[in-house]
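Structural characterization, general
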Amino acid sequence: MSFDLKEEIKKKAEELHIDLIGFAEAQNAEDFWPFYEKRIQKDYFADVGGVGEVARRLRVFDVMAKAKTVIAVALCYNHPIALLDPGHPSRSGIISAHVFRQDYHQVMQQKMKALIAHMSELTDERFVFQSYCDTGVLDDRIWAWRAGLGFFGKNNFIIHPSLGSYLFLGHIVTDLPIMRYDRPMNNLCGSCRACIDKCESGALCDAYELNAKRCISNLTQKKNLREEEEALLGRHVYGCDVCQQVCPFNARAKTSVHACFKPKADDVYVSCDEIIAMDETSFREKYENTALYWRGYTIIKRNAKIVKHNIYSEEERQ
Ligand code: SF4
Ligand code: SF4
């Protein structure tokens, strides 16, 4: 039987417990421009430096002029705690399930590094590569979709039919050609609109239409909040998972094999008073190895104060 590079890379990915891997031909993603253009016209982008910066997200050849392949990978972090009703228990602030335990950027980069090292053993061809997880110019989701890892849900997340959307995404851009590229998956949402109907801030206005300026996930990271934005935070101290929590694909998704991403209930449902009382040292001790630490003590503490205020205001209204 002849040597099949793609199959050999996939075998190694499985050994490394990379849950999903797919291969897309490197091409600028101009087909996504009308979608981006609509968001620009509606002023739905937050914190981007103009049209040029948005357009760069689509141009793989700006990242690597002779790119041939983009290898997209995903790690599933679906643990049952992520599916708990966001209203439980009362009086707690909520931290998004994705930040807990080991920082996923580190875990993903280690796995991509090991995969690339193995690729160089598999082939005599010299190749160059660049690997990204959240940190690159290109949009991780576009490449995950193009490489067939899942479909684009109406909530704008990549959804795999049996693993759901709690996926950390990464991609490797390389000039190594791969035979037989994978194909994108068609949308499987059907008539469901749960994510749109349940979005607490109205940021998800319609299918695929996200106003990032109202998205709670973005607001919990923003430096200065207006009064109206503070109210939108509701109970969210950091991030927001609602449009994923209500998705039926996540309700029946397999549980993650990665124990390093498993949160405890009191990681997700936090006491605002406890965060407010923290000093920088205790904040570092608790959150240093999580994906929220980069956002810093001042902002997280500010959010905890806002959430405490929101909870009390809500109680007074009832
Ligand atoms: S993350 Fe939260 S606020 Fe943002 S679109 Fe999803 S449900 Fe709405
Ligand atoms: S909640 Fe429904 S509409 Fe939204 S992404 Fe999931 S399946 Fe699609």
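About the criteria used
- Here, residues in each chain are numbered from 1, in the same order as that chain's written sequence.
- The lettering of chains begins at A and the numbering of ligands begins at 1, in the order of writing.
- Residue-level local features of this predicted model are given only where pLDDT is at least 70; pairs of side-chain atoms are given and counted only at 80 or more, and the full residue set underlies all totals for whole chains, interfaces and linings.
- Nearness rests on one distance test: the residue's C-beta atom, set from the backbone, must lie within 6 Å of the molecule or strand.
- What counts as a helix is a DSSP run of H or I of at least four residues, what counts as a strand is a run of E of at least two, and both are numbered from the N terminus.
- Throughout, the ten residues Ala, Val, Leu, Ile, Met, Phe, Trp, Tyr, Cys and Pro are labelled nonpolar, Asp, Glu, Lys and Arg are labelled charged, and all others, Gly among them, are labelled polar.
- Every C-beta atom is placed from the backbone, and the number of other C-beta atoms within 10 Å of a residue's own sets its class: buried at 20 or more, exposed at 12 or fewer, partly exposed in between.
- Any two strands with at least two DSSP bridges between them are considered paired.
- Here, a nonpolar core means buried Ala, Val, Leu, Ile, Met, Phe, Trp, Tyr and Cys residues linked by C-beta atoms lying within 7 Å of one another.
- Here the bounds of each domain stem from an automatic or database domain assignment.
- We call two residues in contact whenever the C-beta atoms placed from their backbones are within 7 Å.
- Every axis in this analysis is a line fitted to C-alpha atoms, fitted for helices over the stretch in contact. Angles between the N-to-C directions lie between 0 and 180 degrees.
- By definition here, a helix of n residues has an expected span of 1.5 Å times n minus one.
- Note that the arc is computed from the directions linking the helix axis to the C-beta atoms.

A separate point is the site of ligand 1. Around ligand 1 sit Cys199, Ser201, Ala203, Leu204, Leu210, Cys215, Ile216, Ser217, Cys240, Val242 and Cys243, and that is every residue in its neighbourhood. Sorting the residues of the shell around ligand 1 by element identifies helix H8 (216-219) and helix H10 (242-245) as the ones contributing at least two each. Grouping the constituent residues of the shell around ligand 1 by class yields nine nonpolar, two polar and no charged.

A word on the pairing of strand S2 (residues 69-76). For S2, a buried count of eight out of eight residues is recorded, marking the element as mostly surrounded by other parts of the structure. As defined by bridge partners, strand S1 (residues 20-25) adjoins S2 across six bridges and the pair is classed as antiparallel. Considered in S2, the bridge of Ile21 is made with Val73. Bridging between S2 and strand S7 (residues 167-174) involves eight bridges; their strand directions are antiparallel. Counted as the bridge partner of Thr69 is Thr174 from S7.

With 84 residues, the main nonpolar core has Ala72, Ala74, Leu75 and Val237 as its most contacted residues. With seven residues, S2 is the single largest residue contributor to this core. When residues are assigned to domains, this core turns out to be shared by domain 1 (5-88 + 97-174) and domain 2 (194-317), each giving three or more. Here Ala74 is in contact with Asp19, Leu20, Ala144, Leu149, Leu167, Phe168 and Leu169, once residues within four sequence places are set aside.

Surveying the vicinity of ligand 2 reveals the residues Gly153, Lys154, Asn155, Cys189, Cys192, Arg193, Ala194, Cys195, Val246, Cys247, Pro248 and Phe249. Only helix H7 (194-198) and helix H11 (248-251) provide two or more residues apiece to the shell around ligand 2. Each residue belonging to the shell around ligand 2 can be placed in one class, and the counts come to eight nonpolar, two polar and two charged. Here the shell around ligand 2 spans two domains, and each of domain 1 (5-88 + 97-174) and domain 2 (194-317) adds at least three residues to it.

A separate point is the domain arrangement of the chain. Parsing the chain into structural domains produces domain 1 (5-88 + 97-174) and domain 2 (194-317). Put simply, the middle of domain 1 and the middle of domain 2, counted by C-alpha atoms, are 23 Å apart. At the junction of the two partners, domain 1 supplies 36 residues and domain 2 supplies 38 residues. With three residues, helix H5 (residues 104-122) is the largest single contributor of residues to the side of domain 1 that touches domain 2. Looking at the side of domain 1 that touches domain 2, its residues break down into 21 nonpolar, twelve polar and three charged.

Pairing is mixed in the open sheet, where three strands are placed in the order S10-S3-S11. The open sheet is flanked by strand S10 (236-238) and strand S11 (269-270), the only strands paired with a single partner. As judged from the two bridges shared by strand S3 (residues 93-95) and S11, these two strands associate in the antiparallel manner. Opposite Ile94, over in S11, you have Tyr269 as the bridge partner. The sheet strands contacting helix H15 (residues 297-317) are S3 and S10, and the helix crosses S10 at an angle near 175 degrees.

The next thing to look at is H5. Relative to the 27 Å expected for 19 residues at 1.5 Å per residue, H5 spans 27 Å between its end C-alpha atoms, a close match to the ideal helical length. Restricting attention to buried positions, one finds in H5 the residues Tyr104, Val107, Met108, Lys111, Met112, Leu115 and Met119. All buried residues of H5 lie within an arc of 125 degrees about the axis, which places them on one face of the element. Looking at H5, the residues exposed on the side facing more than 90 degrees away from the buried face are Gln110, Ala117 and Glu121. Where the residues of H5 are buried, they touch helix H1 (5-15), S2, strand S4 (129-132) and S7.

Across the sheet, which stays open at both edges, the four strands sit in the order S1-S2-S7-S4 with antiparallel pairing between neighbours. Every interior strand has two partners, whereas the edge strands, S1 and S4, have only one. Sheet twist, expressed as the mean angle between neighbouring strand axes with direction ignored, is 20 degrees. H5 rests against S2, S4 and S7 of the sheet, and its axis sits at about 40 degrees to S7.

On to unusual backbone geometry, then. A positive phi angle is found at His17, which is not glycine, with a value near 60 degrees. Position of His17 relative to the elements: it lies in the loop between H1 and S1. A residue is classified by how many C-beta atoms lie within 10 Å of it, and His17, with 13 of them, is partly exposed. A positive phi is found at Asp134, a non-glycine position, where the angle reads about 75 degrees. Looking at where Asp134 falls in the secondary structure, it is placed in the loop between S4 and helix H6 (140-146). Judged by C-beta crowding, with 12 C-beta atoms within 10 Å, Asp134 ranks as exposed.

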